[in-house]
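# Analysis of the macromolecular model
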Amino acid sequence: MINIAIFGFGTVGSGVADVIRNNQAEITKTLGEGVNVKYILDIRDIPGVVNDINIIVNDPEVKIACETMGGKKPAYEYTKLALERGISVCTSNKELVDAHGVELSEIAREHNCSYLFEASVGGGIPLLRTIREAFGHERVSRIAGILNGTCNYILTNMKAGKDYATALSEAQANGYAERNPAADVEGHDTARKIAILASLVSGQKFSYEQVSCEGITGVTQKDIADAEADGMAVKLLGVYEAEGPSVVVAPYLVPKSSPLYAVNDVFNGVMVTGNMVDDVMFYGRGAGKNPTASAVVSDVIECAKNQGRNIHTGFADLKPVASVNAPSKPAGRKFRVLGE
Ligand SMILES: NC(=O)c1ccc[n+]([C@@H]2O[C@H](COP(=O)([O-])OP(=O)(O)OC[C@H]3O[C@@H](n4cnc5c(N)ncnc54)[C@H](OP(=O)(O)O)[C@@H]3O)[C@@H](O)[C@H]2O)c1
């Protein structure tokens, strides 16, 4: 049995426990042994849950921790403490990966353990591992992704005739959008994700602050109807271009000929263009308890298979990108067109 801990027993953290309980047989088949959740850490007083991080990091039986707390504090300190004890950490926390991912990956390498973050981008879509492993030899020229399910849900519903406010309150009622939806609708969530993707493929660290970022609050029903009349859809995209380089988050016009056109509702879609493989499309649930937890558990399995050694993600070697272009919009147009 591999003993693990879960830091933060909220939506994703409780999902990790569920995936491990429900799919223990599949995990054992893949790993050759089972996974046991030895500790759950949370600030709430729940029976069986510990509140003191030191109990976990001082237990030599714990080999892997899942950081599903979110935010920077105290997730950063707890992750560091675990890595310094040789405990690998698997996280869904994009904010922490963007802000401290390089440093935490260096610490993991120094202590022969790993810092993996599959669930931080694209929820349940096996995106980062595939890019890391199957695209390792590719020169990636572009990544264009619908990376925020809330915005995609709102834009899909606006296309069906609802106004922005109604579509947003439905997204909130369905649990897709936070009560304060600013991080989603203003594009910051997408910016963090595309910055992580750009860093992964370019070998240079792009930070969220370097992303030219515009959300969907200015998109009107008329914009969507006009796009439709031209055979296009308005989608919030995160776009990385190696040439420049540039990283942009903005509403784009997506032509019907693009597979991203058909990515609707809360789904995510990511198109990666390599110099040899050409376009490859990823599609799936970009958030939610089970899909996100599934991605965390896939990292747990990878860490368990590589105990005592560091899994090279490339993040520990990243140096800040020297400069980032902010491409201007074509004159007279409200939105850029994907591919132009
Ligand atoms: N939900 C999704 O679909 C999704 C998808 C992809 C990525 N993510 C990312 O995954 C992370 C977690 O998201 P979530 O939706 O699961 O959040 P959540 O439901 O709020 O869960 C976070 C949990 O961590 C606990 N916590 C907060 N501070 C703590 C501390 N100091 N010590 C111990 N526990 C603490 C919280 O307790 P309290 O509730 O008492 O504060 C809560 O139970 C975030 O970084 C998020 O961006 C989420």
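It should be emphasised that the depicted structure is a prediction, and the values quoted were computed from it without experimental measurement.

In this section: the overall build of the protein. The secondary structure content of the protein amounts to 12 helices and 14 strands. In terms of overall dimensions, the protein is globule-like: its C-alpha atoms have a radius of gyration of 20 Å, near the 20 Å expected for 340 residues. Sequence separation of 24 or more characterises 70% of the internal contacts of the protein that already satisfy a separation of 6 or more. Split by element, the accessible area of the protein, about 14500 Å² in all, is 48% carbon and sulfur.

Below, the discussion takes up the packing of aromatic side chains. One pass over the structure, following the stated rule, counts seven aromatic pairs. When the ring of Phe7 is compared with that of Tyr78, the centres are 6.3 Å apart and the planes differ by 85 degrees; the resulting orientation is edge-to-face. Of the two residues, Phe7 is situated in strand β1 (residues 2–7) and Tyr78 in helix α4 (residues 75–84); the sequence distance between them amounts to 71 residues. The burial state of Phe7 is the same as that of Tyr78; both residues are buried. In this structure an aromatic cluster arises from ring pairing among Tyr115, Phe117 and Phe315. Here the guanidinium or amino end of Arg192 rests over the ring plane of Tyr208, the centre of that ring lying 4.0 Å away.

Running from amino to carboxyl end, helix α7 (residues 149–159) crosses helix α8 (residues 164–173) at an angle of 135 degrees, the nearest separation of the two axes being 9 Å. In terms of orientation, α7 lies oblique with respect to α8. In terms of crossing hand, the pair formed by α7 and α8 is right-handed. Here α7 contributes Thr150, Tyr153, Ile154, Asn157 and Met158 to the contact with α8, which in turn contributes Tyr164, Ala167, Leu168, Glu170 and Ala171. Taken together, the residues that form the contact of α7 with α8 break down as seven nonpolar, two polar and one charged.

Taken together, 19 residues form the shell around the ligand, and within it Thr11, Val12, Asp42, Ser92 and Gly288 come nearest. One nitrogen or oxygen atom from the side chain of Ser92 is found 2.7 Å from an oxygen atom belonging to the ligand. Gly288 places a main-chain nitrogen or oxygen 2.7 Å from an oxygen atom of the ligand. Across the complex, the protein chains shield 71% of the 890 Å² of accessible surface that the ligand would expose by itself. The class makeup of the residues in the shell around the ligand is seven nonpolar, nine polar and three charged.

What follows concerns the packing of helix α5 (residues 94–110) against helix α10 (residues 188–202). Axis separation between α5 and α10 bottoms out at 9 Å; the angle between their running directions is 50 degrees. Taken together, the axes of α5 and α10 are oblique relative to one another. Here α5 and α10 pass one another in a crossing that is left-handed. Where α5 approaches α10, its residues Lys94, Glu95, Val97 and Asp98 are matched on the opposing element by Asp189, Arg192, Lys193, Ala195 and Ile196. Taken together, the residues that form the contact of α5 with α10 break down as three nonpolar, no polar and six charged.

It is worth spelling out the pattern of salt bridges at this point. Here the structure, examined in full by the defined rule, presents 21 salt bridges. Measuring nitrogen to oxygen at the nearest pair gives 3.9 Å for the salt bridge that ties Glu241 to Arg142. Separated by 99 residues along the polypeptide, Glu241 in strand β9 (residues 232–241) and Arg142 in strand β6 (residues 140–146) bring together distant segments of the chain. Glu340 is paired through a salt bridge with Arg333; the nearest N and O atoms lie 3.4 Å apart. One salt-bridge network, in which partners are shared between bridges, spans Glu118, Arg129, Arg132, Asp299 and Glu302.

A few words now on the domain arrangement of the protein. Domain parsing of the protein yields domain 1 (2–125 + 288–318) and domain 2 (128–286 + 321–337). Centre-to-centre, using C-alpha coordinates, domain 1 lies 27 Å away from domain 2. Contacts between the two partners involve 23 residues from domain 1 and, on the opposite side, 25 residues from domain 2. Interface area for domain 1 against domain 2, summed over the two sides, is near 2000 Å², with a carbon-plus-sulfur share of 62%. The three residues of domain 1 that bury the most area against domain 2 are Asp98, Val121 and Ile125, which together make up 33% of that side's buried surface. Connecting domain 1 to domain 2 are six salt bridges. Between Arg129 and Asp299 there is a salt bridge, with its nearest N and O atoms 2.5 Å apart. For the pair domain 1 and domain 2, the number of links is 11 residue pairs in polar contact (both at pLDDT 80 or more). Breaking the side of domain 1 that touches domain 2 down by element, the ones donating at least two residues are α5 and α12 (289–305).

All right, on to α5 then. Quick reminder: α-helices carry 3.6 residues per turn. Residues three or four places apart thus point the same way. Taking 1.5 Å per residue, 17 residues should reach 24 Å; α5 reaches 22 Å between its end C-alpha atoms and fits that length. Every buried residue belonging to α5 is among Leu96, Val97, Asp98, Gly101, Val102, Leu104, Ser105, Ile107 and Ala108, and all of these are buried. At its buried positions, α5 is contacted by β3 (62–67), α4, β4 (88–91), β5 (115–116), α10 and β7 (204–205). Asn112 sits one or two residues past α5 and shows a positive phi near 50 degrees.

Parameters and conventions
- Residues numbered from 1 in each chain as written.
- Predicted model: local features only at pLDDT ≥ 70, side-chain atom pairs only at ≥ 80, totals over all residues.
- Heavy atoms only, no water.
- Helix = DSSP H or I, 4+ residues; strand = E, 2+ residues; numbered from the N terminus.
- Rg over C-alpha atoms; globule rule 2.2 N^0.38 Å.
- Contact = heavy atoms within 4.5 Å.
- Areas by Shrake-Rupley, 256 points an atom, 1.4 Å probe, with all protein chains shown as cover.
- Phe/Tyr/Trp six-rings, centres within 6.5 Å; stacked < 30°, edge-to-face > 60°.
- Buried < 20%, exposed > 50% of the residue type's maximum accessible area, 1.4 Å probe, protein only.
- Lys NZ or Arg CZ within 6 Å of the ring centre and 35° of its normal.
- Axes fitted to C-alpha atoms, helices over the stretch in contact; angles between N-to-C directions.
- Parallel < 35°, antiparallel > 145°, perpendicular 65-115°, else oblique.
- Left-handed = near helix turned anticlockwise from the far one by under 90°.
- Nonpolar A, V, L, I, M, F, W, Y, C, P; charged D, E, K, R; others polar.
- Near = heavy atom within 4 Å.
- Polar contact = N/O pair within 3.5 Å; in protein donor to acceptor, adjacent residues only side chain to side chain.
- Salt bridge = Lys/Arg side-chain N within 4 Å of Asp/Glu carboxyl O.
- Domains from an automatic or database assignment.
- Buried area = accessible area lost by both parts, 1.4 Å probe.
- Expected span 1.5 Å × (residues − 1).

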